[in-house]
Every structure is written in C-alpha cells, then in structure tokens.
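What follows is the residue order along each chain.
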Amino acid sequence: MNLKRSWLAVPAVLALTLTACSGGGSESGESGAASESGATSTGVITVNGSEPQNPLIPTNTNEVGGGKIIDLLFAGLVYYDAEGATHNEMADSITSDDNITWTIKLKSGQKFTDGTDVKASNFVDAWKAGAENADLSAYFFEPIEGADEEGGGDLTGLTVVDDTTFTVKLKQAESDFPSRLGYSAFFPLPDSTLADRDAGGETPVGNGPYKLASDSAWEHNVKISLVPNEDYQGDRQAQNGGVDVIFYTDQNAAYQDLLSDNLDVLDAIPDSAFATFESDLSGRSVNQAAAIFQSFTIPESLEHFSGDEGKLRRQALSYAINRDEITKTIFSDTRTPAKDFTSPVVDGFNDAIPGNEVLTYDADKAKELWAQADAISPWSGTFTIGYNSDGGHQAWVDAVANSIKNTLSIDAEGSPYPDFKSLRDEVTNRTIKGAFRTGWQADYPGKYNFLAPLYGTGAGSNDGDYSSATFDGLLKDAAAASSLDEANTLLDQAQEELFKDLPAIPLWYSNVTGGWSTQVDNVTFGWNSVPLYYEVTKQG
C-alpha cells in the first residue's frame with residue numbers, strides 16, 4: 001500500500017460539478033497521453049504484486065494486492081491522474097444544486113468485457129450489494145441515505161432514472177463527494193457478477209483498460225495475466241500488450257529479477273537495497289513522497305490495552321520508539337517520521353497538532369507512563385507486532401520491538417506471518433493475539449480518507465475496532481464543511497482525539513521507492529505511489 005509527481009494534491013472540497021470537459025490524460029507531460037487507437041507497443045510488462053486476500057469484487061477489496069488488479073480491470077465514474085487530479089471516466093457529468101442530491105450521467109456506449117452495456121443500474125446494484133453484504137469497503141457508502149453507520153443497510157438514496165442516469169441522495173451536504181468516486185468501492189459490476197459473486201470474483205468481468213487474458217488467467221499464488229480491453233473507451237488506454245502481475249513472496253527476489261530484466265516494474269524496493277538501489281538502477285528509479293502512512297495497530301480487545309490503562313500503555317509505547325534513528329538506519333531516509341495520522345502530500349497537512357508530542361522519542365516519559373499503567377494492572381507477557389514476511393517488514397519491526405524492549409524493559413518481538421493474506425485473514429477475523437503492522441495508501445487525495453475509513457466507528461478498515469463519538473462527530477462535521485480550510489480544521493480536531501486514544505501508533509510516512517528495467521519506457525509513479533501501468537511501453 002508508492003508515489004506522486006506533485007507536492008500539491010487536488011483539494012478535498014471540489015466544485016459542484018464535474019463535467020465531461022474535465023477529462024484527459026495525465027497532466028504531468030512526463031508520459032504521453034493515450035490515444036484511442038489502442039496500444040502503442042506490443043510487449044507484455046511484468047510487475048510485482050501479491051496474492052489478493054479475497055475474490056476480486058471491488059467493494060470487498062481493501063488491500064493493495066487485490067486493489068492493484070481491480071484498478072486495471074475496472075473503470076469508475078472518475079479516475080485520478082498522476083498528480084491526483086480528478087477526471088471523468090465513465091461519468092459524463094456529476095452535478096448537484098445542494099451537495100445533497102447528486103445527478104450522475106454516464107457516457108453512452110461503454111461496455112463490460114462480456115459485451116453487455118455499462119448501465120446506471122450496474123453502479124446502483126453493485127453499491128447496494130456491497131452494503132447488503134457488509135463488504136470491507138461498505139463504509140464508503142455510509143453518507144448515502146439509508147446506510148447505517150458501517151455503510152450497510154438498504155441504500156434508499158440510490159435511484160436509477162434511466163439506463164445512463166442515476167441519482168445519489170446523501171444524509172447531509174458533502175461537497176467533496178465527487179472526489180471519492182474514483183475509489184474501487186464505487187466501481188460498477190456486470191449483471192453476471194451481481195447474479196453470481198463467486199464466479200465474478202474468480203474470473204472478473206470488468207469495464208477497465210484491461211481484461212483477463214483467459215478464464216484461467218489467475219494462477220493463485222503465482223500470477224495474474226491481463227491483456228488490453230479493446231472495448232474500453234476511456235482515457236486510460238493501454239499503451240502495451242498487457243500486464244502480468246507476479247505474486248512475489250520475497251521482495252529481495254523481486255529486486256533481483258528487476259536487476260536482471262526479468263521484472264519490468266517494481267513499486268517497492270526491499271530494505272536491503274535502500275542504500276544502493278539508485279546507483280544500481282542508474283536513472284531507472286524513483287524515490288519521492290507519496291500518500292502513504294505507516295503504523296501498527298493495537299486492538300481494543302487486547303488485554304492491558306483498554307480503558308485508562310490502555311491509554312497509558314499506548315502512549316508509553318509511542319514515546320518508546322526512536323523513529324528518527326529507525327528511519328535513518330533501516331530505511332536510509334526513504335521514510336519520514338510521522339507527525340500526524342495523514343500525509344505531508346495532501347492538502348492541509350499540519351505537523352503541529354496538539355498531542356503529537358507523543359510521537360517523539362522520550363525514554364523517561366515512556367517509563368513514567370508504563371509505570372502508571374502498571375499501578376492499575378501489572379504487565380505480564382510479551383508485546384508482539386504481527387507482520388507479513390513477504391513484504392520486507394522484518395527489519396523495521398525488529399527495530400521497533402527492540403526500541404520498546406530496551407526502553408521499557410519488557411519482552412517485545414515481531415510475530416511473522418508467511419504472507420500478507422495470512423496476516424490479513426487473522427486481522428479481518430479478529431483472531432490475532434497481538435498488535436500488528438498497518439498502513440494506508442490513500443484511495444483519493446484528501447485528509448478525510450486517512451481518517452474515516454481507519455478510525456470511524458464500524459469502518460471497514462478499522463482493524464482495531466476503535467470507537468469515539470467525539471471523533472465520529474468531527475468527521476461528520478468535516479464532511480459537511482463548506483470549504484476545504486474549514487474541513488481541514490475539523491479534521492485536525494479529530495486527530496487531537498486520536499492522539500489521546502492512539503488506536504494506532506503512527507510511525508512514518510513512506511516515500512515510494514521503485515524502479516524499472518531496461519526493457520520499458522514511460523514509467524510514471526502516481527500520487528498514491530502506484531505506477532500508471534497503462535502508460536508503460538515495451539516493444540514486443
């Protein structure tokens with residue numbers, strides 16, 4: 001869950017209308033805009049990935065392994081270019097007179113890869129199914145009339161007007177609603193998948209720039225093969241002959257494949273190569289800020305971590321972590337110690353939120369707070385941080401655990417899982433017995449996206465089951481704000497609540513560190529760190 005060409009993200013509060021004339025390719029000028037004639041090169045590019053946690057249903061995919069594939073197979077109402085600017089994709093217009101009732105008109109002639117038309121009902125029914133099934137991204141539907149606090153229930157605010165028009169009625173005015181619609185939760189599903197989600201999740205039928213190379217293109221735990229979708233009419237036209245996403249279980253193996261030109265694009269350099277990758281790749285690498293936040297989460301249900309005792313222990317742990325030392329020695333300054341719960345690359349970033357002193361290393365303060373917690377209930381056992389071994393996390397987890405161990409004089413260690421899916425399954429099923437690594441790669445460029453999906457009561461990515469009525473109320477007020485400045489002020493107040501409770505322990509912001517082979521050209525890493533795969537060219 002790596003990068004951004006511009007330091008300025010599009011504001012969270014947009015104008016009332018997104019119309020067809022706003023469309024276009026990347027505005028960076030660094031990668032040629034796609035033409036309607038299709039691929040400009042015939043080579044199939046190979047990229048790194050990981051086995052998706054779940055079947056490939058957009059509303060139930062909230063992790064990077066599956067999301068990388070979903071974004072290639074599907075097209076939403078809008079998409080985000082390399083800088084994070086919003087452009088219409090399936091939508092012809094998105095308009096509102098009051099920011100409560102939105103009228104969405106689709107471009108005509110858009111098709112799914114099974115030949116059926118993309119209709120208004122395919123959006124409405126997909127969203128409703130995601131809510132009814134309480135899918136992992138259902139929380140994104142919470143603002144819609146009829147949804148409960150978790151985004152489930154009956155989305156009565158959705159109405160199909162005709163084949164190319166539908167309306168969305170929200171519970172309150174939310175001026176940034178259009179900017180969220182490029183996230184995968186809002187993608188459409190064809191009638192066939194709506195009728196049989198199991199089949200559609202295994203062999204997805206999409207409407208995006210790529211499609212499955214065959215019905216058996218997803219080789220589980222090996223790779224998934226995609227080819228250009230000749231029926232796609234949007235701006236993200238494939239400029240290559242396809243994308244093979246290789247599921248690596250070891251980042252070092254992926255990096256060695258990149259060095260030997262057996263992998264074309266790598267979006268995560270292993271920590272073992274941080275000091276050398278820029279010289280190794282000689283002009284074929286990237287190291288720049290991205291909308292990525294890293295943390296570890298301590299479940300509310302974990303013994304010793306609820307109530308007043310829990311608040312004291314969470315603060316003590318945060319003070320016990322030497323973030324400056326770890327980002328220098330482990331990450332060679334490819335990470336920046338966190339100052340808040342969002343990202344420096346989104347509009348309104350504030351590094352001076354009251355309470356954020358808890359993110360500084362202070363051994364004496366850590367010991368003092370831990371002793372206060374012990375006075376409530378003496379500590380026993382080992383503090384563990386779960387992580388997936390296939391993601392290059394062992395070095396920093398060990399460093400964080402050692403910092404905690406040496407500062408607080410307790411047993412602390414990493415708890416490795418063989419792969420990302422194994423870790424996420426325990427997190428999702430609430431069977432994990434310790435803390436665990438968490439992170440967030442933004443779904444759309446805005447501070448709200450770093451907060452609501454992770455810490456809102458019942459949110460799909462609220463892995464620690466945090467709940468605060470004060471925090472929820474501030475989120476609601478921020479969503480209804482009439483200006484970006486007002487919204488960001490309220491979101492900073494919401495973060496003050498997070499600093500008191502620490503549902504997750506902020507660690508650092510990630511740069512995207514990636515590279516590409518000698519076989520490809522036109523490689524651009526987007527605002528959220530994900531390469532724009534459709535722009536990459538490779539001669540066959």
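Counting restarts for each chain, with residues numbered from 1 along the sequence as it is written. In view of the model being predicted, local features appear only for residues whose pLDDT reaches at least 70, and side-chain atom pairs are presented and counted only at 80 or more, with totals across whole chains, interfaces and linings using the full set of residues. The basis for every side-chain value is the complete set of non-hydrogen atoms in the structure, without hydrogens or water.

Focus: the overall build of the chain
Here's step 1: Per the secondary structure count, the chain includes 15 helices and 19 strands.
Here's step 2: With respect to the principal axes defined by its C-alpha atoms, the chain has extents near 70 × 55 × 40 Å.
Here's step 3: Accessibility throughout is a Shrake-Rupley quantity obtained with a 1.4 Å probe, and a residue counts as covered only by protein chains that appear here. Put simply, the chain shows about 19300 Å² of open surface, and 45% of that area lies on carbon and sulfur atoms.
Here's step 4: Separation of charge centres in the chain, based on 35 positive and 80 negative side chains, amounts to 2 Å. Counting from the N terminus, the helices are DSSP H or I runs at least four residues long and the strands are E runs at least two residues long. Note on charges: Lys and Arg go in the positive column, Asp and Glu in the negative column, and His and the chain ends are not counted at all. Charged groups are reduced to one reference atom each: NZ for lysine, CZ for arginine, CG for aspartic acid, CD for glutamic acid.

What to know about the packing of aromatic side chains
Here's step 1: Two rings from Phe, Tyr or Trp (for Trp, the six-membered ring) form a pair when their centres are within 6.5 Å of each other. A pair whose planes differ by under 30 degrees is stacked, one over 60 is edge-to-face, and the rest are tilted. Throughout the structure, instances matching the rule amount to 25 aromatic pairs.
Here's step 2: Arranged with centres 5.7 Å apart and planes meeting at 80 degrees, the rings of Phe-341 and Tyr-455 form a pair that is edge-to-face. On the criterion of sequence distance, the pair formed by Phe-341 in the loop between strand 15 (335–337) and helix 10 (363–376) and Tyr-455 in helix 13 (residues 447–455) is long-range, its members being 114 residues apart. Per residue, the accessibility class of Phe-341 equals that of Tyr-455, and both read buried.
Here's step 3: Measuring from centroid to centroid gives 6.3 Å for Trp-516 and Phe-525, while their planes differ by 35 degrees, and the two rings are tilted.
Here's step 4: For Phe-525, a relative accessible area of 0% corresponds to the buried category.
Here's step 5: Pairwise contacts between aromatic rings join Trp-102, Phe-123, Trp-127, Phe-140, Phe-141, Phe-166, Phe-177, Tyr-183 and Phe-186 into one cluster.
Here's step 6: Lysine and arginine charges are scored as sitting over a ring when NZ or CZ, respectively, is within 6 Å of the ring centre and within 35 degrees of the ring normal. Above the face of the Trp-370 ring, Arg-313 is positioned so that its terminal group lies 4.5 Å from the ring centre. Throughout this description, buried means an accessible area under 20% of the type-specific maximum (1.4 Å probe, protein chains only), exposed means over 50%, and partly exposed covers the range between.

Topic: a negative patch on the surface
Here's step 1: For patch detection, residues must exceed 30% relative accessible area and be free of salt bridges, and they are connected within 9 Å for like charges or within 5 Å for nonpolar side chains (Val, Leu, Ile, Met, Phe, Trp, Tyr). Here, a salt bridge means any Lys or Arg side-chain nitrogen found within 4 Å of an Asp or Glu carboxyl oxygen. The grouping of Asp-114, Asp-125, Glu-132, Asp-154 and Asp-191 at the surface amounts to a negative patch.
Here's step 2: Checked against the element boundaries, Asp-114 lands in the loop between strand 6 (101–106) and helix 2 (120–132).

Description of helix 8 (residues 307–319)
Here's step 1: Take the number of residues in a helix, subtract one, and multiply by 1.5 Å to get its expected span. Here helix 8 spans 19 Å end to end across 13 residues, near enough to the 18 Å set by a 1.5 Å rise per residue.
Here's step 2: Restricting attention to buried positions, one finds in helix 8 the residues Glu-309, Gly-310, Leu-312, Arg-313, Arg-314, Ala-316, Leu-317, Ser-318 and Tyr-319.
Here's step 3: Those residues of helix 8 hidden inside the fold are in contact with helix 9 (323–329), helix 10, strand 16 (382–388), helix 11 (394–408), helix 15 (484–501) and strand 19 (504–516). Whether two residues touch is decided by their heavy atoms; if any such pair falls within 4.5 Å, the residues are in contact.

What to know about the environment of Ser-529
Here's step 1: Relative to the helices and strands, Ser-529 is located in the segment after strand 19.
Here's step 2: Residue class for Ser-529 comes out buried when judged on its relative accessible area of 1%.
Here's step 3: Polar contacts, as used here, are pairs of N or O atoms within 3.5 Å; protein pairs need one atom able to donate a hydrogen and one able to accept it. Residues neighboring in sequence count only if both atoms are side-chain atoms. There is a polar contact of 3.0 Å between the side chain of Ser-529 and the side chain of Gln-441.

Digging into the nonpolar core
Nonpolar side chains in soluble globular proteins generally cluster together in the buried interior.
Here's step 1: Only buried residues count toward a nonpolar core. Its members are Ala, Val, Leu, Ile, Met, Phe, Trp, Tyr and Cys residues joined through side-chain atoms within 4.5 Å. Within the largest apolar cluster, 150 residues are counted, with the highest numbers of intra-cluster contacts made by Trp-127, Phe-296, Phe-383 and Ile-404.
Here's step 2: Every residue in contact with Phe-383, bar those within four places of it in the chain, is listed here: Phe-296, Ile-298, Phe-305, Leu-317, Ile-404, Ile-410, Asp-411, Ala-412, Glu-413 and Ala-435.
Here's step 3: Counting 5 residues, the second largest nonpolar core, distinct from the first, contains Leu-423, Val-427, Ile-432 and Phe-436.

Details of the pattern of salt bridges
Here's step 1: One pass over the full model with this rule turns up 20 salt bridges.
Here's step 2: Taking the shortest distance from any N to any O, the salt bridge between Lys-171 and Glu-142 comes out at 3.3 Å. Taken together, the residues span a long stretch of sequence, with Lys-171 in the loop between strand 8 (165–169) and helix 3 (177–180) and Glu-142 in the loop between helix 2 and strand 7 (158–162) at a distance of 29 residues.
Here's step 3: The class for Lys-171 is partly exposed, based on a relative accessible area of 41%.
Here's step 4: Between Asp-425 and Lys-421 there is a salt bridge, with its nearest N and O atoms 2.9 Å apart. Taken together, the positions of Asp-425 and Lys-421, both in helix 12 (residues 420–428) and 4 residues apart, correspond to about one turn of that helix.
Here's step 5: By sharing partners, the salt bridges in this structure join Glu-174, Asp-176 and Arg-180 into a single network.

Concerning the confidence of the model for the chain
Interpreting fine coordinate detail is not advised for predicted regions of low pLDDT.
Here's step 1: One confidence number per residue, pLDDT, is output by the predictor and ranges from 0 to 100. Here the chain averages 90 in pLDDT, and 93% of its residues register 70 or above.
Here's step 2: In the predicted structure, residues 1–37 sits below a pLDDT of 50 and forms 122 contacts with residues beyond four places in sequence or in another chain.

Considerations on the side chain of Asn-88
Here's step 1: With respect to the secondary-structure elements, Asn-88 resides in strand 4 (residues 86–88).
Here's step 2: Accessibility expressed as a relative area gives 1% for Asn-88, which makes it buried.
Here's step 3: A distance of 3.4 Å separates a polar atom in the side chain of Asn-88 from the backbone oxygen of Asp-92.

Digging into the pairing of strand 16
Here's step 1: Buried residues dominate strand 16, accounting for 6 of its 7 residues.
Here's step 2: One requirement defines pairing of two strands: DSSP has to find at least two bridges between them. Sheet analysis places strand 16 next to strand 17 (residues 411–417), joined by 7 bridges and oriented parallel. The residue of strand 17 that forms the bridge with Thr-382 is Asp-411.
Here's step 3: A crossover connection joins strand 16 to the parallel strand 17 through helix 11; in handedness this β-α-β unit is right-handed.
Here's step 4: Relative to strand 18 (residues 435–441), strand 16 is paired through 2 bridges, and the arrangement is parallel. Note that in strand 18 the partner of Gly-386 across the bridge is Phe-436. Seen with its strands pointing away from the viewer, a crossover is right-handed if its path from the first strand over the helix to the second goes clockwise.

Side note on the environment of Gly-206
Here's step 1: As for its placement among the helices and strands, Gly-206 is situated in the loop between helix 5 (197–202) and strand 9 (210–212).
Here's step 2: Using a relative accessible area of 3% as the deciding quantity, one classes Gly-206 as buried.
Here's step 3: Beyond its immediate stretch of four places on either side in the chain, Gly-206 contacts Leu-73, Phe-74, Lys-111, Phe-112 and Thr-113.

Observations regarding the pairing of strand 18
Here's step 1: Of all 7 residues in strand 18, 7 are buried; the element is thus mostly enclosed.
Here's step 2: Both faces of strand 18 are covered, namely the face carrying Ala-435, Arg-437, Gly-439 and Gln-441 and the face carrying Phe-436, Thr-438 and Trp-440.
Here's step 3: Of the pairings in the sheet, the one linking strand 14 (residues 285–297) to strand 18 comprises 6 bridges and is antiparallel in character. Pairing of Gln-294 across the sheet is with Gly-439, part of strand 18.

A few points about the packing of helix 14 (residues 469–479) against helix 15
Here's step 1: To get an axis, a line is fitted to the C-alpha atoms, and for a helix only the part in contact is used. The angle between two axes follows their N-to-C directions and goes from 0 to 180 degrees. Following both chains from N to C, one finds helix 14 and helix 15 inclined at 170 degrees, their axes separated by 8 Å at the closest point. Regarding the angle of helix 14 to helix 15, the classification is roughly antiparallel. Contacts between helix 14 and helix 15 pair Thr-470, Phe-471, Leu-474, Leu-475, Asp-477 and Ala-478 from the former with Ala-487, Leu-490, Leu-491, Gln-493, Ala-494, Glu-497 and Leu-498 from the latter.
Here's step 2: All amino acids are sorted into three groups, where Ala, Val, Leu, Ile, Met, Phe, Trp, Tyr, Cys and Pro are nonpolar, Asp, Glu, Lys and Arg are charged, and the leftover types, Gly among them, are polar. Partitioning the contact of helix 14 with helix 15 into residue classes produces 9 nonpolar, 2 polar and 2 charged. Roughly parallel means an angle under 35 degrees; roughly antiparallel means over 145; roughly perpendicular covers 65 to 115; every other angle is labelled oblique.

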